[in-house]
Amino acid sequence: MASVKALYACFQMFSRVSGLEANVEKSSVYFGGVNQQLQLDILDHLGFLKGELPIRYLGVPLSTKRLSLAQCRRQLIKSVLFSIQTFWSQIFTLPKKLIQLVESVCKRFLWTGGVDNSKRALNAWDKVCIPKVAGGLNIMDIQAWNKVAIRKLLWNVCTKKDKLWVKWIHYYYGRRTTLWMSQPKQASWIVQKILKAGKYLEEVGLQEKEFILIRTFSIQRMYRKLRGEFPKCSWRRLICNNYGAPRWVFILYLNLQGRFQTGDRIAKWSQIEDLTCPLCAREPEKAEHLFFKCEMTSQLWERLLEWQGIKKRAQGWSEEV
Ligand SMILES: [Zn+2]
């Protein structure tokens, strides 16, 4: 108690001299190993609120320990799905289990628009994460993005960026050795993860010498580089820069992948009574029929082509695509 009083007296003296005062409502005291009565006495003396751990700065919990699932779940789900990559994953190495959880929420949201019910996924997630020109939806691969973000932290360390945390790491762990690939055992989990990132870079053939020559590290650029090239698909023009309503483009995308849920496909895993086309009520509901062969659809095509002055008849799905 005596030392708290002495510290507070110094603090008040500083306030009197400088004219700067602490905002009592925004100040908190954090206790560790202090009994209840003493805590009350200290809070009474200072007039500050009692703070709860973890300490937050700009909404992010400041912790050097591994993030527990329960600790982040709420914030992450609340985050606008993928904005977490550009925010959270640049600050922390996200635990694998957490990435899986976020991905499953994203998947359910993508296929169903909600997060609760889990219907069948309409396409494999790794296919969704590749660029549009290669037949994907260009959704970020959270794990890969997070790894690159941590490499940026390593780049900050290796290029000795003028940041307090970088100086701190050099001061504590880099006095005798180069930090690239070093594994200081006493370092916290997050520092070890950052330093370990060098190993992954060497795996893709990037050495420290080249790494430190990178003038500005762009996570986006490095992410693309490390993922490599994907073979372009023949129908990319139908999806890229298609200004149709997103819903139509999505249906088109699913059908190009052979994943559109038409009656014949649904009947494979679930019982449906009526398999006939809802447009003509004659033929079975199949993608080929629905989009081109159906009487009603072909009339629609005919009028559309005529309106556009195109002198040809619509063929089947495979011919047109
Ligand atoms: Zn029909």
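Here, every reference points to the structure presented above.
Worth saying up front: this structure is predicted, and the values here are computed from it rather than measured.

It is worth spelling out helix α9 (residues 189-203) at this point. Relative to the 21 Å expected for 15 residues at 1.5 Å per residue, α9 spans 21 Å between its end C-alpha atoms, a close match to the ideal helical length. Taken as a whole, α9 carries its principal kink of about 25 degrees at Leu-195. Regarding α9, the residues found buried are Val-191, Ile-194, Leu-195, Ala-197, Gly-198 and Leu-201. Buried residues belonging to α9 abut α7 (142-158), α8 (164-173) and α10 (208-211). Remark: Gly-205 follows α9 within two positions and exhibits a positive phi of approximately 85 degrees.

A separate point is the packing of helix α1 (residues 2-18) against helix α2 (residues 36-46). Helices that pack against each other are described as a pair by the angle of their axes relative to one another and the distance between those axes. Contact pair α1 / α2: the axes reach a minimum separation of 11 Å and the direction vectors enclose 15 degrees. Viewed along their axes, α1 and α2 adopt a mutual orientation that is roughly parallel. Where α1 crosses over α2, the handedness of that crossing is right-handed. Residues Val-4, Lys-5 and Tyr-8 of α1 form the contact with α2, whose participating residues are Ile-42, His-45 and Leu-46. Taken together, the residues that form the contact of α1 with α2 break down as four nonpolar, one polar and one charged.

In this structure, Ile-150, Leu-154, Val-157 and Ile-194 are the most contacted members of the largest nonpolar core, which totals 21 residues. Counting only elements with at least two residues in this core, the list comes to α5 (96-112), α7 and α9. The element best represented in this core is α7, accounting for nine residues. In this structure, Val-157 is in contact with Val-166, Ile-169, Leu-179 and Ile-194, ignoring residues within four places of it in sequence.

Positioned with a positive phi, Lys-160 is a non-glycine residue whose angle comes to about 50 degrees. Locating Lys-160 in the fold gives a position in the loop between α7 and α8. Phi is positive for Ala-281, close to 55 degrees, though the residue is something other than glycine. With respect to the helices and strands, Ala-281 occurs in the loop between α14 (263-269) and α15 (287-293).

Quick notes on the rules
- Per chain, residue numbering runs from 1 following the sequence as it is written.
- The predicted nature of this model means local features are confined to residues of pLDDT at least 70 and side-chain atom pairs, given and counted, to a pLDDT of 80 or more, with totals for whole chains, interfaces and linings taken over all residues.
- Secondary structure elements are defined from DSSP: runs of H or I of at least 4 residues count as helices, runs of E of at least 2 residues count as strands, and each element is numbered from the N terminus.
- The span one expects for a helix is its residue count, reduced by one, times 1.5 Å.
- Two axes enter the bend calculation: one fitted to the seven residues ending at the residue in question, the other to the seven starting there, and the bend is the angle between them.
- Our exposure labels follow a C-beta count within 10 Å of each residue's own C-beta, placed from the backbone: buried means 20 or more other C-beta atoms, exposed means 12 or fewer, and partly exposed covers the counts in between.
- Distance between backbone-placed C-beta atoms decides contact: two residues are in contact if it is within 7 Å.
- Note on definitions: angles span 0 to 180 degrees between N-to-C directions of axes, and those axes are lines fitted to C-alpha atoms, for helices only across the stretch in contact.
- Oblique is the label for any angle not under 35 degrees, not over 145, and not in the 65 to 115 range, which are roughly parallel, roughly antiparallel and roughly perpendicular in turn.
- It is the rotation of the near helix from the far one that decides the hand of a crossing: anticlockwise by less than a right angle makes it left-handed, clockwise makes it right-handed.
- Gly falls in the polar group here, along with every residue not listed as nonpolar (Ala, Val, Leu, Ile, Met, Phe, Trp, Tyr, Cys, Pro) or charged (Asp, Glu, Lys, Arg).
- By definition, a nonpolar core groups buried Ala, Val, Leu, Ile, Met, Phe, Trp, Tyr and Cys residues that connect through C-beta atoms lying within 7 Å of each other.

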